[in-house]
Amino acid sequence: MNELNVIVKEMQGVIEKIGEEEIERFYSELQNTTRIFVAGEGRSGFMAKAFAMRLMHLGYNVFVIGETVTPSVAEGDCLIAISGSGSTQSVIHQAERSRSAGSKVVCITANGDSALAQVADTCFVLPAATKKRGENEAKSIQPLSSLFDQCLHVFCDAVCLRSSTQKTLSHEEVLSRHSNTE
């Protein structure tokens, strides 16, 4: 078995189910907000942080929920809440609190009927396998939510690519926001 080919094939099966209009719709959500906050736990949380980092490179005002320097969420902000299963209690709680503060809530999940999806104003469904192995999820031989997290990363990178081309940002402009203390 060639593990790389298996992973790419599984990802391709999920990505082919995500329409181009979803990338545009997500990009549009980012344009209508003052500040962007991201939330997620575990590997999905790492993907959320990677997305936040790239959004910062693209010039967005973005924060990660749970970091010590994250300000309070307010009206006009947008929380991007990520949970493959849509049942991660901490992420649901953060989404509920953000809505109470007047923030828009956008979720990314594999389960469009989940508790998280019910809290969100807008929901993006990536039908990839999670640790719950729901009936609407793509099959995977990979452990836990690996397929969801891989597809999540590519989906968010596609949104970033749309943003960089729409804003006509040069590589040099984006690079100027990259860390220079490493």
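Every value quoted in this text rests on a predicted model; they were computed, and no experiment measured them.

Visitor: Hey, could you run me through the overall build of the protein chain in this one?
Guide: Check the secondary structure of the protein chain and you find 7 helices and 5 strands. Reading the helices (α) and strands (β) of the protein chain from amino to carboxyl end gives α-α-β-α-β-β-α-β-α-β-α-α. The C-alpha atoms of the protein chain give a radius of gyration of 16 Å, which matches the 16 Å a tight globule of 182 residues would have. In terms of principal-axis extent, the alpha carbons of the protein chain reach across some 40 × 40 × 35 Å. Buried residues in the protein chain amount to 47% of all 182 residues. Sequence separation of at least 24 residues holds for 68% of the intrachain contacts in the protein chain that already meet a minimum separation of 6. Here the protein chain has roughly 9,600 Å² of accessible surface; of this, 52% comes from carbon and sulfur atoms. Averaging the positions of the 17 positive and the 22 negative side-chain charges in the protein chain gives two centres separated by 3 Å.

Visitor: Just to check I follow, could you spell out the packing of aromatic side chains for this structure?
Guide: For any pair of aromatic rings, the description consists of the separation of the ring centres together with the inter-plane angle of the planes. Under the criterion given, the structure shown has 5 aromatic pairs. Through a chain of ring-to-ring contacts, three or more aromatic side chains come together here, namely F26, F51, F124 and F155. Stacked on the ring of Y60, the Lys or Arg K167 has its end atom at 3.8 Å from the ring centre.

Visitor: How should I be thinking about helix 6 (residues 146-166) in this particular structure?
Guide: With 21 residues, helix 6 should reach 30 Å at 1.5 Å per residue; the first-to-last C-alpha distance of 30 Å fits that figure. Of the residues one or two after helix 6, T168 is the one with positive phi, at around 45°.

Visitor: Looking at this structure, how should I read the nonpolar core?
Guide: Side chains of a nonpolar character, in soluble globular proteins, are inclined to be buried together. In this structure, F26, L30, F51, I80 and I108 are the most contacted members of the largest nonpolar core, which totals 38 residues. When contributions to this core are tallied by element, the ones reaching two or more residues are helix 1 (3-15), helix 2 (20-31), strand 1 (36-40), helix 3 (42-57), strand 2 (62-64), strand 3 (78-82), strand 4 (104-109) and helix 6. For this core, the element with the most residues is helix 6, which contributes 8 residues. When sequence neighbours within four positions are dropped, the list of residues in contact with I108 reads F26, I80, A81, I82, S83, F124, L126, F148, L152, F155 and C156.

Visitor: Explanation requested: unusual backbone geometry in the structure shown.
Guide: With the exception of glycine, most residues fall at negative phi, and the peptide bonds are largely trans. Phi is positive for R133, which is not a glycine, with a value near 50°. Relative to the assigned elements, R133 resides in the loop between strand 5 (122-125) and helix 6. Judged by relative accessible area, which is 37%, R133 ranks as partly exposed. We note that L144 has phi near 50°; this positive angle belongs to a residue other than glycine.

Visitor: Could you clarify how one ought to interpret the environment of E67 in this entry?
Guide: With respect to the helices, strands and loops of the structure, E67 is situated in the loop between strand 2 and strand 3. By relative accessible area, E67 is classed as partly exposed at 37%. With 29 residues separating them in the primary sequence, E67 and V38 have C-alpha atoms 11 Å apart. A distance of 3.1 Å separates the side chain of E67 from the side chain of K49, its partner in a polar contact.

About the criteria used
Residue indices follow the written sequence of each chain, beginning from 1 at its first position. Residues qualify for local features only when their pLDDT is at least 70, as the model is predicted, and side-chain atom pairs are given and counted only at 80 or more; totals for whole chains, interfaces and linings, by contrast, use all residues. In computing side-chain values, all of the structure's heavy atoms are included and hydrogens and water are not. For the purposes of this entry, the term helix denotes a DSSP run of H or I that reaches at least four residues, the term strand denotes a run of E that reaches at least two, and both are numbered from the N terminus. Atoms considered for the radius of gyration are the C-alpha atoms alone. The globule rule reads 2.2 Å times the number of residues to the power 0.38. Three labels apply to residues, based on accessible area from a 1.4 Å probe with only protein chains included: buried if under 20% of the type maximum, exposed if over 50%, partly exposed otherwise in between. Any pair of residues with heavy atoms lying within 4.5 Å of one another is described as a contacting pair. Only the protein chains shown count as cover for residues, with accessible areas throughout obtained via the Shrake-Rupley method and a probe of 1.4 Å. For the purpose of counting charges, residues Lys and Arg are taken to be positive, whereas Asp and Glu are taken to be negative. His and the chain ends are not included. Here the site of a charge means NZ on Lys, CZ on Arg, CG on Asp, or CD on Glu. Side-chain rings of Phe, Tyr and Trp (the six-membered ring for Trp) are treated as a pair once their centres are within 6.5 Å; stacked means planes under 30 degrees apart, edge-to-face means over 60, and tilted covers the remaining angles. By definition, being over a ring means that NZ of Lys or CZ of Arg is both within 6 Å of the ring centre and within 35 degrees of the ring normal. Here, expected helix span is obtained from the residue count minus one, scaled by 1.5 Å. Nonpolar core, defined: a set of buried Ala, Val, Leu, Ile, Met, Phe, Trp, Tyr and Cys residues in which side-chain atoms within 4.5 Å join the residues together. Definition of a polar contact: a pair of N or O atoms within 3.5 Å, with one able to donate and the other able to accept a hydrogen when the atoms are protein atoms, and with sequence-neighbouring residues admitted only if both atoms are side-chain atoms.

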